Each structure stands twice: as structure tokens, then as C-alpha cells.
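One letter stands for each residue in the lines below.
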Amino acid sequence: MKYYKQTLPSEILSTLLTVFSFKPKADKMKLKVISEGYERIKPPYLIVINHPSAEDHMIASAVMAPQRLNFVVNAEDFSQKSFLMKMMGAIPRRMFTVDVEAVMRMRTVFKSGGVVALFPEGKTSPDGRRGYISRNVIKLIKVMRVPVVAMNISGTYTDKPLAARNSRGGRAEVRLTNLFSADDVDYMDDEAMYGQLLKALDYDECEFQRARKIEIKGNAAPYVNVLYQCPECGKEYTVIANKNELKCKNCSASWSLGRYGVLMGERKKTVDSIPDWYAYERAFTAEQIEKSVYELKGTCTLKIMRAIDKGYKDAGKGHFEHDSENFVYTGSMEGRSVRLSFANADRPTLNMKYGESVEFSSPGISYKFILDNPAAAAKVNLVIEETFRKTFEK
């Protein structure tokens, strides 16, 4: 990717996208912008944004226009639209591993007087709440030595959660804050900065929807890829969706998704929101890890990506085994037999496609495993997160 010269976004293309795509989206969602002591500052600066939904870049671009933003994007997303991404000055990054080239590209943007837009969570939210944010973000800010603006978006998860194909309706709000000045970056304590970053990007989309009584138009299908375990009987991979209902095939317990995002169930061990259900799965997974009783096996298809602009290529098929320590793939890769092992504790979370695949990256190469059981991707991700939490955060 070194031949791809990093530039600022195309002025013409940015204007066209803003006028015909980003602004209409913001208007449709009746976007409300709240400035919490925010004042526009001159570039270069970094803007950090929370990440409830895949629509967040549209809202962020509409809010900051006419200022053009160089977004840091997932390497696979970049590869799928590389020409457009290059025109928009996107900065590709292999997620949840060291990516020196991405850092150098950010520095180039700042030296050119641009604005880098970064989603510190690294991926969209599974449950409408803030995901893991690495302390390395503070190290990055310290190295770049530019002011930092925080943008907190609410409402996009309600409109288009997880892998939903269509918008479901809703409203959006954005809160803007001048998070750190250049002097703050130079002199503030790292832990104090980290605490302020977490606070500025904290969110709860389901509570936002409930408090504002935002009605949704859509079904419960997108949530099956994350809510894979029945809270009533505890059986995993038995939850199915039918219109606005989630139902367990094993015990027949069911929950209806209300118009304000509330889950309504009839059994004793009920949950009343998507975050509550996901928290139940997380607690169950943490207990499995603590007792060393977790094990998952299955078949999968392997794809690999070396050159980011070339994207993923089919590489082979095989079996995977995942336990409390490692994710292990045994099978073929580019015509030869291999055994690939990835330690759970080596990464805080996974880049993934809900209901499809998980990805492990290292400098220079990324491995994508498309699982035979689509819902298992969410389970593998939770195991990674809880192993990391157990290892480093206690």
C-alpha cells in the first residue's frame, strides 16, 4: 500500500456526497446538534467519534461540513471500494493490531492541515453501548500532538443496527465537545485523559430510544446474530426471529420487540432490553472462562488479505477449535496444510461481521474465518473480550 499517496479528501467528491447523501440522511433523521462548550477550531485536529452504527460516518460528515474528514477505516471496507476510498482520503487500518502505516498516514494528513476522524471502538456496537477503547488511543494522541474534538452520536443504532440492510426510522442527536487542547495533550496525565475520553464517548442507544419514545419500523432479525443464547433455558444458538419476535427453539420462550425497543417476555428469567440480554451472555461466557469449561468446534472457510487494496482472497477450508486460551484453525491455506493458532489474550476484541465471520490480524496479513454456525461469531468475540479482561484488567 505504500504506492497509495495519502491525500486530503477530494473537494468535489466530498461536496457531492455531502449534498446528495450525508445531508439528506441527517435531515431524514431530524438531526439535532448539541454543542457542549464546543467551538470550531482550525485544522489540523483529531476528531474521535463513538460507533453505534455503520451510518455514523454519514452523520459525522454532515455535522462537520464543509470541513472534510479523513476517516480511519477498516482495511476490508477500504479494499471493497478502494477507488472511492482513495478519493476521499480514507486511511485503511488493520484492526486490533499494530498498524504503523496507518499511523504514518494520519501524520501526513495532520502535516497537510487536515482533520482525521477516528472511531476508537474500532467497530460498530453489538448492543448499542460503548465497546472497548484501548489506552493506546491516548498514546496516539500524545504522539500526534494535535487538539482533539469529541463527537457523540445517538440514534443511528436504532435506525440501522448490526447488519440490518435497511434503515428503520428514528432520530439522531450529536454532542460536540472540545475534548483536549494542544496544551492538554502535552501536559495532561494519561489516565486522566483516558477517563475523559471514555466519558465523552459513552452511550446507551436503547435508553436513548426509550427516553425519547422513538418508534422503530423493522423486525427483530438483525439481533439474532448477537442474541444467540436463550436467557430462559440457557441453550446457545437456538434463538430465531419472526417479524418483531425473538423465540427459543429449545424451550419456546419468546420476547416481542416493542415499538420503543423494549423486550417483552412472559417467562420468569426475562430480559427487557438488548443490552441486558447481551450482558447475560457476557456474564455466562465470563463464568465459562473462569471455570475453563468453554469449548467450541466447527468447520469454516478461510480467506486471507495481504495487500489491503487487493482485499480478501479465498485461501482454503478446514476446522476450528476455540477454548479459553486459543482459537486454532487446522486445514488448507493456498494449497498447503496449515495449523494457525491465535491466543485469546493477544487482542482486546475482534473485528467481525455479525452473523458471518471473525478476523485475526497481524502486521502485513489478516485472516478471516467464515464460520459454519453464523451466530458463533458473536460467541467467539465475547470469549476474546472476556479473556482479555480477565488477563489484563483485574
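Above this text sits the structure in question.
Since the model is a prediction, treat every value here as computed from it, not as a measurement.

(A) Examining empty space enclosed by the protein more closely. In total, this model carries two cavities of 30 Å³ or more according to the counting rule given. Put simply, the largest cavity is a space of about 70 Å³. Lining the largest cavity are Tyr157, Thr158, Arg168, Glu205, Cys206, Gln209, Ile216, Tyr223, Leu257, Gly261 and Ile274. Counting residues per element, the ones that place at least two in the lining of the largest cavity are α7 (156–159) and α10 (205–212). Here the residues of the lining of the largest cavity are counted per class, giving six nonpolar, three polar and two charged. Its boundaries defined by the atoms lining it, the second largest cavity holds a volume of some 30 Å³. Lining the second largest cavity, in full, are Met95, Phe96, Arg347, Thr349, Leu350, Asn351, Glu359, Phe360 and Ser361. It is strand β17 (residues 357–362) that provides the largest number of residues to the lining of the second largest cavity, a total of three residues.

(B) Spatial organisation of the sheet that holds strand β10 (residues 254–257). The four strands lie next to each other as β8-β9-β10-β11, forming an open sheet whose pairing is antiparallel. In the strand order of this sheet, the two ends are held by β8 (239–242) and β11 (263–265), each with one partner. The sheet shows a mean angle of 25° between the axes of neighbouring strands, direction not considered.

(C) Fine view of the layout of surface pockets. Its boundaries defined by the atoms lining it, the largest pocket holds a volume of some 1,600 Å³. As for the largest pocket, its lining consists of 48 residues, of which His51, Ala54, His57, Asp77 and Met85 are closest to the centre. Of all the secondary-structure elements, those providing two or more residues to the lining of the largest pocket are α1 (11–28), α2 (56–64), β3 (70–74), α3 (75–80), α4 (82–87), β16 (351–353) and β17. Here the lining of the largest pocket takes six residues from α1, the largest share from any one element. Across the lining of the largest pocket, the residue classes break down as 22 nonpolar, 14 polar and twelve charged. For the second largest pocket, the calculated volume is near 720 Å³. Surrounding the second largest pocket, 28 residues form its lining, Arg93, Thr97, Val98, Ser134 and Asn136 being those nearest its centre. Secondary-structure elements contributing two or more residues to the lining of the second largest pocket are α5 (100–111) and α6 (136–144). In terms of residue count, the dominant contributor to the lining of the second largest pocket is α6 (five residues). Within the lining of the second largest pocket, the residues separate by chemical class into 18 nonpolar, four polar and six charged.

(D) Up close: the side chain of Lys368. Mapping Lys368 onto the fold places it in strand β18 (residues 365–371). A residue is classified by how much of its surface remains accessible, and Lys368, at 5% relative accessible area, is buried. Looking at Lys368, its side chain comes within polar contact range of the side chain of Glu76, at 2.6 Å. If near-sequence neighbours (up to four positions away) are discounted, Lys368 is found in contact with Glu76, Thr301, Leu302, Lys303, Tyr312, Lys353, Glu356, Ser357, Val358 and Glu359.

(E) Representation of the state of the cysteines within the structure. Applying the stated criterion across every chain yields a total of zero disulfides. Cys248 carries a free sulfur, and the closest cysteine sulfur to it, the one in Cys230, is 3.7 Å from it. Cys251 takes part in no disulfide bond, and the closest cysteine sulfur to it belongs to Cys230, at a distance of 3.7 Å.

(F) Layout of helix α9 (residues 190–200). Burial in α9 covers these residues: Met193, Tyr194, Leu197 and Leu198. Projected down its long axis, α9 carries its buried residues within an arc of 135°, all on one side. Buried residues in α9 make contact with β2 (45–49), α6, β7 (173–180) and α8 (182–187). Measuring from the backbone nitrogen of Glu191 back to the side-chain oxygen at the start of α9 gives 3.0 Å, which picks out Asp189 as the cap.

Calculation criteria
Residues numbered from 1 in each chain as written. Predicted model: local features only at pLDDT ≥ 70, side-chain atom pairs only at ≥ 80, totals over all residues. Heavy atoms only, no water. 1 Å grid on protein atoms, 1.4 Å probe; cavity = no way out; pocket = protein on both sides within 12 Å on 5 of 7 lines; lining within 4 Å. Points joined across faces, edges and corners; volume = space filled by probe spheres on them. Helix = DSSP H or I, 4+ residues; strand = E, 2+ residues; numbered from the N terminus. Nonpolar A, V, L, I, M, F, W, Y, C, P; charged D, E, K, R; others polar. Pairing = 2+ DSSP bridges. Axes fitted to C-alpha atoms, helices over the stretch in contact; angles between N-to-C directions. Buried < 20%, exposed > 50% of the residue type's maximum accessible area, 1.4 Å probe, protein only. Polar contact = N/O pair within 3.5 Å; in protein donor to acceptor, adjacent residues only side chain to side chain. Contact = heavy atoms within 4.5 Å. Disulfide = S-S within 2.5 Å. Arc of directions from axis to C-beta.

Fair warning: the whole summary comes from geometry, so function is off the table for now.
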